[in-house]
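The lines below spell out each chain.
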Amino acid sequence: MSGQVQSGDAALFEFLCRLGDNTLVLGHRVSEWCGHAPVLEEDIALANTALDLIGQTQLWLGLAGEVEGKGRDADALAFLRDVWDFRSVLLTEVPNGDFGRTLMRQFLFDAWHSIYLGRLLKSSDKRVADIAEKASKEVAYHLERSADTVVALGDGTEESHQRMQAALAYLWPYVGEMFEGDAVDAAMVEAGVAPDPASLRAEYDALVGRVLADATLEMPEGRFAHKGGRDGRMHTEHLGHILTQMQWLQRAYPGASW
Amino acid sequence: MKNEWPLWEVFIRGQHGMSHRHVGSLHAPDAEMAIKNARDVYTRRNEGVSIWVVEAKHIAASSPSDKGPLYEPSESKVYRHPTFFDIPEEVGAM
Amino acid sequence: MYAQMIKSAGTGVKSPEEMTPEERRFQAHVDANEKVEPKDWMPDDYRATLIRQIGQHAQSEIDGQLPEGNWITRAPTLERKAILLAKVQDEAGHGLYLYCAAETLGISRDELTEDLLSGKMKYSSIFNYPTLNWADIGAVGWLVDGAAIMNQVPLQRTSYGPYSRAMIRICKEESFHQRQGYDIMMKMAQGTEAQKRMAQDALNRLWFPSLMMFGPSDKESVHSAQSMAWKIKINTNDELRQKFVDQTVPQAEYLGLTVPDETLKWNEERGHYDFAEPDWKEFFDVLKGNGPCNTDRLTARQEAWKEGKWVRDAMMAHARKKAAAKVAAE
């Protein structure tokens, strides 16, 4: 039935926006560091991560626009949707905090991202598998770098240890959302496009557990999860502020070509 | 305590099977981070497929004042260069 | 030009008779276009002047991240955002290469950084001007990087080996910077009325500060004469400024923009444009710390350095622990 095909496409669109909005918002956050990092080498490395994420955004949102078929390209989706249409997880939206918190957030995201992209390599949708193929190589490096930094800062000095433990306490309640599932995920699982997010949690906990142990940090016990980003029900207040900057020119001068 | 990260020299092998070449330096707390930093700093334009790093203080260098005795003696050994020998054209490629 | 008003150490060019035998040998080496390498003998004044010049150049690259970084989160498309971020990241890289070149002269990066943060070491006046609309990002690439390239291309031949090699790498990377800037300007100049207005506004504000980048006339300067004899400065400020104006005016005309200089006129006889000098009082004010953004720029760098200390310390401490554990295991 054509109705089913449409709803399938609608779910695929939603799924692709989730991937693209995560990388869009996190890439934006990481790019805020440019010129302000603790040392030049880290400044350059963070910019590389942000560049990868922006590149992935172009691919995911580009494909989302194609699937939607209404003539919206990646830029239209990034710059002309309002908060309620964003599908980024809340973890990507929270402010950078200090360098330690930024790297802890990066690590917690990278760990999920690498596992998730690993599954997408086998997606039944070749377009999805192709993007995952490219992105997973980039993300493998992000994970290596953020994990090493978390270990170094967790283990380094008393001050750095305390800061990293505090960062973890702040960010941990945002981890659970990445493993939530809903009707969109069910449709993706059914079509063989993507895995059930909940099925990845054990692997994630093992990976994160190993790194945190090396970092001499304690994994928080709580399982409470803030959510509402990936389904757009309730974003953080921060997202609106991100969009006021990100979308300013496109909104103030509609129709201009840049 | 002085906590400036040590200086590392970076050597990169490019795409085409050439030897590692010195490309520059950077700071890093240890060798592993030096390799990562080298990846981020010196291969942004697809310049390399392999990275060596060595802490700058471990490089032993020849002394500039030895330039004469070290390098000039080879100048007179012109017979080491293939162009020293005239081979008749009829002999073909050699 | 990122190095402005560099005072050479010493008292100006010495005649061969005034030189020591070592200095004479050194000058002959430089005159023969041979490179000076870190372990070679060099006059103390040559070393001190180079540290000042490379240091100021490095600080300018680092501080240059800030005015452009100001627009990364507001770039109007994903592609523009990526290009701008890559470009600003390159500036950090250039600062890094230059710091490393300076370090071969026996000063550490931390020392250079402290000199910047205390205000002892200057950086180019241009980065104390604000970037107020998106076309500024185009104009910075087109004019500021254009002016920088004009100075850096000849510096690839500078006498100090590590500086020369850093400049070669920088010039190779820099070539995309000016083009991306002009590319933005073309879009703006061919765009809507509002975009044209942004483009003209950016040119109005950045034209004279760009001319100031070359520094005041140094025809009479003993410092410049010494630096040129040492081949750490290749052209006079006026030569480079003229070259910049000659190259840039037709580019502005192509964009349909007006250079904010009513006296600007092609001089057939000279084969060059005649143009108005920038306001040198403003230039010296900016150098003294009274530019529109001096305080903000310096504060931003001070905060980054101060707030990054625990990170730098912790990563070093971790590396030491790891090394100790490795030794213990062996």
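Residues numbered from 1 in each chain as written. Chains lettered and ligands numbered in written order. Predicted model: local features only at pLDDT ≥ 70, side-chain atom pairs only at ≥ 80, totals over all residues. Heavy atoms only, no water.

## Looking at the overall build of chain A
Here is step 1: For chain A, the helix and strand inventory stands at 11 helices and zero strands.
Here is step 2: The order of helices and strands in chain A, counted from the N terminus, is α-α-α-α-α-α-α-α-α-α-α.
Here is step 3: In terms of its C-alpha atoms, chain A occupies a principal-axis envelope of roughly 60 × 40 × 30 Å.
Here is step 4: For chain A, the residues scored as buried account for 60% of the 258 residues in total.
Here is step 5: Across chain A, every contact between residues at least 6 apart in sequence was considered, and the portion connecting residues at least 24 apart equals 81%.
Here is step 6: Carbon and sulfur atoms make up 54% of the accessible area of chain A, which amounts to about 9900 Å² in all.
Here is step 7: Within chain A, one finds 23 positive and 39 negative side-chain charges whose respective centroids are separated by 4 Å. (Helix = DSSP H or I, 4+ residues; strand = E, 2+ residues; numbered from the N terminus. Buried < 20%, exposed > 50% of the residue type's maximum accessible area, 1.4 Å probe, protein only. Contact = heavy atoms within 4.5 Å. Areas by Shrake-Rupley, 256 points an atom, 1.4 Å probe, with all protein chains shown as cover. Lys, Arg positive; Asp, Glu negative; His and termini not counted. Charge placed at Lys NZ, Arg CZ, Asp CG, Glu CD.)

## Some remarks on the interface of chain C and chain A
Here is step 1: Taken together, the contact between chain C and chain A spans 46 residues of the former and 49 residues of the latter.
Here is step 2: Inspection of the chain C/chain A interface yields two salt bridges.
Here is step 3: Here chain C and chain A share 16 residue pairs in polar contact (both at pLDDT 80 or more) between them.
Here is step 4: Taken together, the elements giving at least two residues each to the side of chain C that touches chain A come down to helix H3 (65-69), helix H4 (78-103), helix H7 (161-189), helix H8 (193-212), helix H12 (294-307) and helix H13 (309-329) of chain C.
Here is step 5: It is H4(C) that provides the largest number of residues to the side of chain C that touches chain A, a total of 14 residues.
Here is step 6: The class makeup of the residues in the side of chain C that touches chain A is 26 nonpolar, 10 polar and 10 charged. (Salt bridge = Lys/Arg side-chain N within 4 Å of Asp/Glu carboxyl O. Polar contact = N/O pair within 3.5 Å; in protein donor to acceptor, adjacent residues only side chain to side chain. Nonpolar A, V, L, I, M, F, W, Y, C, P; charged D, E, K, R; others polar.)

## Considering the state of the cysteines
All names here are of chain C.
Here is step 1: Enumeration over the complete set of coordinates arrives at zero disulfides over all chains.
Here is step 2: Summary of cysteine pairing: Cys 171 is not part of a disulfide, and the nearest cysteine sulfur, belonging to Cys 100, is at 17 Å.
Here is step 3: Since its relative accessible area comes to 14%, Cys 171 is described here as buried. (Disulfide = S-S within 2.5 Å.)

## Section: the pattern of salt bridges
All names here are of chain A.
Here is step 1: One pass over the full model with this rule turns up 49 salt bridges over all chains.
Here is step 2: Between Arg 81 and Asp 21 there is a salt bridge, with its nearest N and O atoms 2.6 Å apart. With Arg 81 in the loop between helix H3 (74-80) and helix H4 (90-93) and Asp 21 in helix H1 (residues 2-31), this residue pair connects regions lying 60 residues apart in the sequence. For the pair formed by Arg 81 and Asp 21, the shared burial category is buried.

## Side note on the sheet that holds strand E1 (residues 7-13) of chain B
Residues and elements named next belong to chain B.
Here is step 1: Strand order across the open sheet formed by three strands is E2-E1-E3, with antiparallel pairing between neighbours. Because the sheet does not close on itself, it has two edges, and the strands there are strand E2 (21-27) and strand E3 (50-55). Across the sheet, the mean angle from the axis of one strand to that of its neighbour is 30°, orientation sign disregarded.
Here is step 2: Note: E1 against E2, six bridges, orientation antiparallel. For Glu 9, the partnering residue across the bridge sits in E2 and is Ser 25. (Pairing = 2+ DSSP bridges. Axes fitted to C-alpha atoms, helices over the stretch in contact; angles between N-to-C directions.)

## Let's talk about the interface of chain B and chain C
Here is step 1: Listed as interface residues are 23 residues of chain B and, on the opposing side, 22 residues of chain C.
Here is step 2: At the surface where chain B touches chain C, the tally comes to seven salt bridges.
Here is step 3: Residues B:Arg45 and C:Glu173 are paired through a salt bridge, measuring 3.7 Å at the closest nitrogen-oxygen approach.
Here is step 4: Looking at the side of chain B that touches chain C, the elements that each hand over two or more residues are E2 and helix H1 (31-42) of chain B.
Here is step 5: Split by residue class, the side of chain B that touches chain C holds 12 nonpolar, three polar and eight charged.

## Notes on the nonpolar core
As a rule of thumb, nonpolar side chains are buried together in soluble globular proteins.
Here is step 1: Core analysis: the largest hydrophobic core is formed by 185 residues, its most contacted members being A:Phe15, A:Met104 and A:Leu108.
Here is step 2: Listed in part, the six residues of the second largest apolar core include C:Met212, C:Phe283, C:Val286 and C:Leu287. (Core = buried A, V, L, I, M, F, W, Y, C linked by side-chain atoms within 4.5 Å.)

## Remarks on the pairing of E1(B)
Residue and element names in this part refer to chain B.
Here is step 1: Summarising burial for E1: five of the seven residues are buried, a large majority.
Here is step 2: Looking at chain direction, E1 and E3 are connected through six bridges and run antiparallel. Directly across from Phe 11, in E3, lies its bridge partner Trp 52.

## Structural notes on the packing of aromatic side chains
Here is step 1: For the coordinates displayed, the defined rule picks out 20 aromatic pairs over all chains.
Here is step 2: Ring centres of B:Tyr42 and C:Tyr97 lie 5.5 Å apart, and the angle between their planes is 20°; on these two criteria the pair is classed as stacked. Taken together, the residues span two chains, with B:Tyr42 in helix H1 and C:Tyr97 in helix H4.
Here is step 3: Ring-pair connections join several aromatic residues into one group, and the members of that group are C:Phe26, C:Trp41, C:Tyr46 and C:Trp230.
Here is step 4: When the ring centre of C:Trp71 is taken as reference, the NZ or CZ atom of C:Arg74 above it lies at 3.7 Å. (Phe/Tyr/Trp six-rings, centres within 6.5 Å; stacked < 30°, edge-to-face > 60°. Lys NZ or Arg CZ within 6 Å of the ring centre and 35° of its normal.)

## Some details on unusual backbone geometry
Here is step 1: Despite not being glycine, B:Asn46 shows a phi value in the positive range, around 65°.
Here is step 2: Within the secondary structure, B:Asn46 sits in the loop between H1 and E3.
Here is step 3: Look at C:Asn33: it is not a glycine, yet its phi comes out positive at around 60°.
Here is step 4: Residue C:Asn33 is classed as exposed on the basis of its relative accessible area of 58%.

## Considerations on helix H7 (residues 158-171) of chain A
Residue and element names in this part refer to chain A.
Here is step 1: In this model H7 runs 20 Å from its N-terminal to its C-terminal C-alpha over 14 residues, within 8% of the 20 Å that 1.5 Å per residue would give.
Here is step 2: When H7 is considered as a whole, its buried residues turn out to be Ser 160, Met 164, Ala 167, Leu 168 and Leu 171. All buried residues of H7 fall inside an arc of 100° around its axis, so they share one side. Within H7, the exposed residues directed more than 90 degrees away from the buried face are Glu 158, Gln 162 and Ala 169. (Expected span 1.5 Å × (residues − 1). Arc of directions from axis to C-beta.)

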